[in-house]
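Below are the chains, spelled out letter by letter.
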Amino acid sequence: MGPSRKATTSDPSSSKQPSNTPHKKSKRPQHKKHPAPPPSASNALPGVQKIKAALRQTRRLLAKDNLAADVRVATERRLKSLEADLAKAEQARLERTMATRYHKIKFFERQKVSRKLAQTKRRLASAGEEEEKEEREKLEARLAELRVDLNYILHYPKTKKYISLFPPEVRQAQAGQSAAETARAAKEKSDTDKQREEIRTWMRKQMDAGELSWEPEVELEKAERKAARALKATSSMEAQSTQQAKGKGSKTKSMPKKTGIADDDFFGGDDDEDQDGDDEQDKNESSSDSEDGGGGSDEDVDMDED
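About the cut-offs
- All residue numbers refer to positions counted from 1 along the written sequence of the respective chain.
- Given that this is a predicted model, residues contribute local features only at a pLDDT of at least 70 and side-chain atom pairs are listed and counted only at 80 or more, while totals for whole chains, interfaces and linings are drawn from all residues.
- To get the side-chain values, all heavy atoms of the structure are used, and hydrogens and water are removed first.
- Numbering of helices and strands runs from the N terminus, with a helix taken as a DSSP run of H or I at least four residues long and a strand as a DSSP run of E at least two residues long.
- To sort residues, take the accessible area from a 1.4 Å probe on protein chains only and compare it with the maximum for the residue type: under 20% means buried, over 50% means exposed, and anything in between is partly exposed.
- Contacts are assigned to residue pairs that have any heavy atoms within 4.5 Å of one another.
- Surface accessibility in these figures is a Shrake-Rupley result with a 1.4 Å probe; residues are shielded only by whichever protein chains are displayed.
- pLDDT is defined as a per-residue confidence score from the predictor, taking values between 0 and 100.
- Excluding any residue in a salt bridge, patches collect residues exceeding 30% relative accessible area, merging like charges within 9 Å and nonpolar Val, Leu, Ile, Met, Phe, Trp and Tyr side chains within 5 Å.
- Here, a salt bridge means any Lys or Arg side-chain nitrogen found within 4 Å of an Asp or Glu carboxyl oxygen.
- The convention is simple: Lys and Arg are positive, Asp and Glu are negative, and His and the chain ends are not counted.
- A charge is said to be at NZ when it belongs to Lys, at CZ for Arg, at CG for Asp and at CD for Glu.
- Within 6.5 Å between ring centres, the rings of Phe, Tyr and Trp (the latter by its six-membered ring) count as paired, and their orientation is classed by plane angle as stacked under 30 degrees, edge-to-face over 60, tilted in between.
- Here, a charge over a ring means that NZ of Lys or CZ of Arg falls within 6 Å of the ring centre while also lying within 35 degrees of the ring normal.
- Residue count minus one, scaled by 1.5 Å, sets the expected span of a helix.
- Along the arc lie the directions from the helix axis toward the C-beta atoms.
- Definition used in this section: a nonpolar core is a set of buried Ala, Val, Leu, Ile, Met, Phe, Trp, Tyr and Cys residues joined via side-chain atoms within 4.5 Å.
- Residues adjacent in sequence count toward polar contacts only when both atoms are side-chain atoms; beyond that, a polar contact is any pair of N or O atoms within 3.5 Å, and within protein one must be able to donate a hydrogen and the other to accept it.

Participant: In this structure, what is going on with the overall build of the chain? I would like to understand it.
Facilitator: Helix and strand content of the chain: 9 helices and 0 strands. Along the chain, helices (α) and strands (β) appear in the sequence α-α-α-α-α-α-α-α-α when read from the amino end. The buried share of the chain, reckoned over its 306 residues, is 18%. A separation of at least 24 residues holds for 69% of the contacts in the chain among residues at least 6 apart in sequence. Here the chain displays about 25,800 Å² of accessible surface, and carbon together with sulfur accounts for 51% of that area.

Participant: What's the story with the confidence of the model for the chain in this structure? I'm lost.
Facilitator: Close inspection of predicted coordinates is inappropriate in any region flagged by low pLDDT. On average, residues of the chain carry a pLDDT of 74, and 58% of them reach 70 or more. When mean pLDDT is taken per element in the chain, helix H2 (residues 69–101) scores highest with 94 and helix H9 (residues 265–305) scores lowest with 51. Long-range and interchain partners of residues 12–16, a stretch whose pLDDT sits below 50, account for 0 contacts in this model, where long-range means more than four residues apart. Low confidence marks residues 290–306, where pLDDT is under 50. Its contacts with residues over four positions away, or in another chain, come to 0 contacts.

Participant: I'm lost on a positive patch on the surface in this one. Help?
Facilitator: A cluster of basic residues, Lys222, Arg225, Lys226 and Arg229, forms a positive patch at the surface. Residue position: Lys222 is located in helix H8 (residues 216–254).

Participant: I'm lost on the packing of aromatic side chains in this one. Help?
Facilitator: Each aromatic ring pair is summarised here by two numbers: the centre-to-centre distance and the angle between the ring planes. Going through the model one piece at a time under the given rule, you end up with 5 aromatic pairs. Plain terms: the ring middles of Tyr102 and Tyr162 are 6.2 Å apart, the flat faces sit at 45° to each other, and that makes the pair tilted. Remark: Tyr162 occurs in the loop between helix H4 (133–154) and helix H5 (168–171) and Tyr102 occurs in the loop between H2 and helix H3 (103–126); sequence separation between them is 60 residues. Judged by its relative accessible area of 13%, Tyr102 is buried. Ring geometry for Tyr152 against Tyr156: centres 5.2 Å apart, planes inclined by 70°, an arrangement best described as edge-to-face. Both residues of the pair, Tyr152 and Tyr156, belong to the buried class. By the ring-pair criterion, three or more aromatic residues cluster together here, those being Tyr102, Tyr152, Tyr156 and Tyr162. Geometry around Phe166 places Lys112 over its ring, the cationic atom sitting 4.4 Å from the centre.

Participant: It is not clear to me how helix H1 (residues 48–62) should be interpreted in this structure. Could you clarify?
Facilitator: Helical geometry: 3.6 residues make up each α-helical turn, so side chains three or four residues apart lie on a common side. The first and last C-alpha atoms of H1 sit 21 Å apart over 15 residues, in line with the 21 Å expected at 1.5 Å per residue. Within the sequence span of H1, burial applies to Val48, Ile51, Ala54, Leu55, Thr58 and Leu62. Considered in projection along H1, the buried side chains sweep an arc of 125° and stay on one side of the axis. Exposed residues on H1 whose side chains face more than 90 degrees from its buried face are Gln49, Lys50, Gln57 and Arg60. Where H1 is buried, its residues meet H2.

Participant: Explain the nonpolar core here, please?
Facilitator: Nonpolar side chains in soluble globular proteins tend to be buried together. Core analysis: the largest hydrophobic core is formed by 22 residues, its most contacted members being Val113, Leu117, Tyr152, Ile153, Tyr156 and Tyr162. Elements supplying a minimum of two residues to this core: H3, H4 and helix H7 (191–209). If you look at the next biggest cluster of nonpolar residues, it comprises 10 residues, including Val48, Ala54, Leu79 and Ala89.

Participant: How do you make sense of a negative patch on the surface when you look at a structure like this?
Facilitator: On the surface, a cluster of negative charge is made up of Glu132, Glu134, Glu137 and Glu140. Mapped onto the secondary structure, Glu132 falls in the loop between H3 and H4. Judged by its relative accessible area of 56%, Glu132 is exposed.

Participant: Explanation requested: the pattern of salt bridges in the structure shown.
Facilitator: If charged atoms from side chains of opposite charge come close, those side chains can pair. Tallied over the full model, the rule gives 9 salt bridges. Between Arg200 and Glu145 there is a salt bridge whose closest N-O contact spans 2.9 Å. Within this pair, whereas Arg200 is found in helix H7, its partner Glu145 is found in helix H4, the two being separated by 55 residues in sequence. Judged by relative accessible area, Arg200 falls into the buried class, the value being 9%. Accessibility expressed as a relative area gives 29% for Glu145, which makes it partly exposed. The shortest N-O distance in the salt bridge between Asp193 and Arg196 comes to 2.4 Å. With Asp193 and Arg196 both in helix H7 and 3 residues apart, the pair spans about one turn of that helix. Within this structure, Glu145, Asp149, Glu197, Arg200 and Arg204 form a network of salt bridges that share partners.

Participant: I would appreciate a short explanation of the side chain of Asn151 in the present structure.
Facilitator: Within the secondary structure, Asn151 is located in helix H4. Side-chain polar atoms of Asn151 contact the backbone oxygen of Ser213, separated by 3.0 Å. When neighbours within four sequence positions are excluded, Asn151 is seen to be in contact with Tyr156, Met203, Met207, Leu212, Ser213 and Pro216.

Set out below in structure tokens:
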């Protein structure tokens, strides 16, 4: 018989086996996303570039020959809607541009006209019945013209280039000429002044029709007070939120910190029980030793007797 071969058993611990455990991927810190601002009247529509891109895609789709009839009808409707949205978005962008460009000059002219309005009102209030009728009529006509000017500033067409009420030839009147004469001469010479007068005439018609107020200074004061209240409410809310955040921070600082498991009542009770058990065990051992000691003394007595 041939030599028997010993069956070799492989040690499972020594053999290398592929690990089936999946590799853990390191998590990257996720940044908090800022909430999107609420849509307002100015940014309710998408941007001009986005609308133009959607228009290009819609026109490419309509250019296909094998397009279903219902899809073509829906796409044509979408094309008309996008064209209307594009016109609105371009108009809104133009209005924003004009408002930013002429904000400063409108602000100064509004302040100037408001000051002149207040002065004219004071003169009318101080003028008694003794004043001449012609003087009062002049003051009333002047007050009406100033109100037209204020409406001119507040309700000027938003998409047009702003034409100042006080051009350089009016602000820098020549010697020996009044401001009214200089303004009248400028109106006859310049097309710009003609456009200004056309807009003022249109404002006067709107006021006569009741679409614009004959007392725009009152509405302006109301709007300013409303804006001031809104600003005050916003600032108070921000201050309140800051105080709440500070209060939370002080509370977290004042909370006592635990030093370890030694301060825990659960583990402290176990230590007391262990100590009581050790005391009882020591008492038992001492009592057993005393009994064993008594027995040893008897044996010694017996041995002495023997």
